[in-house]
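Chain by chain, the residues:
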Amino acid sequence: MPLLELTDLHKTFRHGANAVPAVRGVTLSVERGETLGLVGESGCGKTTLGRMVVGLQEPTSGSIRFDGQSVEGGFAEAGRRRRVQMVFQHPAQSLNPRMRVEQMLAEPLRLLADLAPDRINGKIDEVLRLVGLGPEYARRRSRQLSGGQQQRVAIARALICDPDLVVLDEPTSSLDQSVRGRIVALLRDIQRERDVAFVFISHDLSTVQRIAHRVAVMYLGRVVELADTETVFRSARHPYTKALLSAVPKMDPRLKRERIILPGETPNPSELPIGCSFQDRCPLVHDRCRREAPHLLPTAGAHLVECFAVATEVSHA
Amino acid sequence: MIFQQPRSALNPTMRVGNQISRVLVLNQGLGRGEAMEEAMAMLGHVGISGARRVARAYPHQLSGGMCQRVMIAMALACRPRVLIADEATTALDVTVQAQIFDLIRDLVAETRCGVVVITHDLAAVSEMCDSMAVLYGGQVMEVGTTVDVLENPSHPYTGFLLDSIEREVDPRVEERGVNFALAGCRFGHRCPHAYEACAAFPPMIPVGRGHTASCFLLQDESSHAVARTD
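This one's a predicted model, so the numbers in the text were calculated from it and none came from an experiment.

### As for the overall build of chain B
And step 1. Summing up its helical and strand segments, chain B has ten helices and six strands in all.
And step 2. Taken over C-alpha atoms, the radius of gyration comes to 22 Å for chain B, far larger than the 17 Å a tight globule of 230 residues would show.
And step 3. For chain B, the spread of C-alpha atoms along the principal axes amounts to about 70 × 35 × 30 Å.
And step 4. In chain B, which comprises 230 residues, the proportion classed as buried is 37%.
And step 5. Long-range contacts, defined here as pairs at least 24 residues apart, represent 53% of the contacts in chain B between residues at least 6 apart.

This is the structure we're talking about:
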């Protein structure tokens, strides 16, 4: 049984008469101890999806099951707030500037864990060591920390109550390249030690490649391709995934590549066309894509792709 | 110059067409009508379809990629000889970044202007640049053609930077900020190879044709090499 199961999840934001469908029917699962990478460009709904997973945002429709039980009515009611945690996008903004590191780490313990007060300090030391910070950091405030150290504290705060699932929203995007690599290595070590599952949200494909077991590619609120990491990076099938991967600059100055440049821009989500949402930028578009919307279909094994052209190719083969 | 964050570099209270034509009025002494026509042409030039509609828009009505195109149009309006792109695509998604790179490449081929790309993204450098300089703490660490520097990094900092992207980084290099108070090599306090000589400022030492690096280790190597041939 998967740790987390999302079924046909929708989220529509309404501003007066204007409706913005941010997430449009996402079905996903995350296993215990697994890292699921969630990639896509700005505005594709990956953050909204992450916020629904931790219960910061109420889905418009669809269901979230955690550890086999529905979390309808919120995580707090279901008594599992402690087991699902989040690391936010900007570490500097998600830490309280007036609190010392030890206060920030003690707060979730007091609120969520049933821990004797005399054990709190021991737990703080333990989690600081886990994220690679010495006990001397407990007395610091966030402005006395570098960006990488702030992110370590944010990770420590998410882990201190021993959660089963942590949603990491762009945890490395605001960090320098050299610090990024260390945070990724740290997260992998923590996962090995604690058997915690991660939902790793990022637009940085190379970081996702280094940490995720499986990758879901999102475009305009839908998952268009889902497979294990190697399959996505080696043999992506969806035309959007292919274009996205080809757009990532590579570190090889002698390389001359054929790049797939997508025409135009991501359409406005409140004025989506009928049919496939990728139709206006897709090199494989045909009549059917303008009439009906495709669904995620398996091509080989657990490799799912949401595209008529790919499905036709597979059925002919 | 193309600035880092296109949306905050543009004037939020002016229509973008006016912002571009103003440059032409002030610098080229064009009349307003003339300048506006030229601005429209520039917008078309940077790959904006419907230049007339976009020119009437305010920056907040445009996407990040569009604002960046507007910035580029403005920077190119006076036909500069050198274009400075400061993290021009850092705030953009990769597919838009690919479009902007293509655009800059085409413009360079067409106008023959020089481009200085300022970025922390080494992969972008690898794709865009003929030669590169690596800076740390206000000092140039290494200079050379992109191929030379990336394939044969000679400064410890360049090596560390490259490792951080594809491999695990050297654990001996501490995660510390730049210390500008440091005399001598600014990378000295983080460098695993640092020794007494690094308290002085190292000269640029040639390591190949047009490829130099600022590190005493290289001097020793080259003097050893000289000693051996003697």
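Back to the text.
### A word on the domain arrangement of chain B
It is common to give the size of an interface as the accessible area that goes away when the parts come together.
And step 1. Domain annotation for chain B reports domain 1 (6-128) and domain 2 (131-229).
And step 2. In this structure, domain 1 of chain B and domain 2 of chain B have C-alpha centres spaced 35 Å apart.

### So, unusual backbone geometry
Among all residues except glycine, the phi angle is most often negative; among peptide bonds, the trans geometry is most common.
All names here are of chain A.
And step 1. Of note in this structure, D8 is not a glycine but carries a positive phi near 45°.
And step 2. Take D8: it is sitting in strand β1 (residues 4-15).
And step 3. Here D162, not a glycine, exhibits a phi torsion of approximately 50°, which is positive.
And step 4. By the element assignment, D162 lies in the loop between α5 (147-159) and β7 (165-169).

### Details of the nonpolar core
And step 1. Membership of the largest hydrophobic core comes to 143 residues, with the highest contact counts inside it found for V166(A), V199(A), F200(A), V217(A) and A73(B).
And step 2. Among the elements that make up this core, the one with the highest residue count is helix α5 (residues 64-76) of chain B (nine residues).
And step 3. Here this core gathers at least three residues from each of two domains, domain 1 (6-128) and domain 2 (131-229) of chain B.
And step 4. In contact with V217(A), not counting residues within four places along its chain, are V39(A), G40(A), V223(A), V224(A), E225(A), V232(A), H238(A), Y240(A), T241(A) and L244(A).

### Here's the deal with the sheet that holds strand β2 (residues 18-30) of chain A
All names here are of chain A.
And step 1. Ordered in space as β2-β1-β4-β5, the four strands form an open sheet in which the pairing is antiparallel. Edge positions in the sheet fall to β2 and β5 (69-70), since each has one partner strand and no second.
And step 2. For strand β4 (residues 61-66) and β5, the ladder comprises two bridges, and the chain directions are antiparallel. Across the sheet, the residue bridging to F66 is Q69, located in β5.

### Regarding the sheet that holds strand β3 (residues 131-136) of chain B
Residues and elements named next belong to chain B.
And step 1. Across the sheet, four strands lie side by side as β3-β4-β6-β5; this open sheet has antiparallel pairing. Each end of this open sheet is capped by a strand with a single partner; those strands are β3 and β5 (204-208). Pairs of neighbouring strands in the sheet enclose a mean axial angle of 25°, with direction left out of account.
And step 2. Pairing between strand β4 (residues 139-145) and strand β6 (residues 211-214): two bridges, direction antiparallel. Bridged to V143 within β6 is T212.

### Some remarks on the environment of T95(B)
And step 1. Mapped onto the elements, T95(B) comes out in helix α6 (residues 94-111).
And step 2. Along the chain, T95(B) and A39(B) lie 56 residues apart, while their C-alpha atoms are 26 Å from each other.
And step 3. Excluding its chain neighbours within four sequence positions, the residues that come into contact with T95(B) are E41(A), A243(A), L244(A), A247(A) and L262(A).

### Some words on the interface of chain A and chain B
And step 1. Contacts between the two partners involve 26 residues from chain A and, on the opposite side, 28 residues from chain B.
And step 2. Among the elements of the structure, α6 (177-194) and α9 (239-247) of chain A are those that each provide at least two residues to the side of chain A that touches chain B.
And step 3. Top element by residues in the side of chain A that touches chain B is α6(A). It accounts for six residues.

### Some details on the pairing of β4(B)
All names here are of chain B.
And step 1. Judged from the six bridges that link them, β3 and β4 form a sheet pairing that is antiparallel. Bridge pairing in β4 links M132 to G144.
And step 2. Between β3 and β4, which pair antiparallel one after the other, the connecting turn spans two residues, and G137 there sits at a positive phi close to 55°.

### A closer look at the packing of helix α2 (residues 16-28) of chain B against α5(B)
Residues and elements named next belong to chain B.
And step 1. Interaxial distance between α2 and α5 falls to 8 Å at its minimum, and their mutual angle equals 20°. What the angle tells us is that α2 and α5 run roughly parallel. Judged by the sense of rotation from one axis to the other, the crossing of α2 with α5 is right-handed. Contacts from V16, Q19, I20 and V23 of α2 reach α5 at V70, A73 and M74.

The rules we used
Within every chain, residues take consecutive numbers counted from 1 along the sequence as written. Chain labels run from A onward and ligand labels from 1 onward, assigned in the order the entries are written. Totals for whole chains, interfaces and linings use every residue, but because this is a predicted model, local features are given only for residues with pLDDT of at least 70 and side-chain atom pairs only at 80 or more, for both listing and counting. Helix and strand assignments follow DSSP, with helices taken as H or I runs no shorter than four residues and strands as E runs no shorter than two, numbered in order from the N terminus. The size measure is the radius of gyration over C-alpha atoms, and the globule rule it meets is 2.2 Å times the number of residues to the 0.38 power. We call a residue exposed when 12 or fewer other C-beta atoms sit within 10 Å of its C-beta, buried when the count reaches 20 or more, and partly exposed for counts in between; the C-beta positions come from the backbone. Contact between residues is assigned whenever the C-beta positions, reconstructed from backbone atoms, fall within 7 Å. Boundaries between domains were set according to an automatic or database domain assignment. What we call a nonpolar core is a set of buried Ala, Val, Leu, Ile, Met, Phe, Trp, Tyr and Cys residues whose membership is set by joining through C-beta atoms within 7 Å. By the convention used here, strands pair only if DSSP detects at least 2 bridges between them. A fitted line through C-alpha atoms serves as each axis, taken over the contacting stretch for helices, and the angle formed by two N-to-C directions is quoted from 0 to 180°. Any angle that falls under 35 degrees is termed roughly parallel, while one over 145 is termed roughly antiparallel, one within 65 to 115 roughly perpendicular, and all others oblique. With the far helix as reference, a near helix turned anticlockwise by less than a right angle produces a left-handed crossing, and one turned clockwise produces a right-handed crossing.

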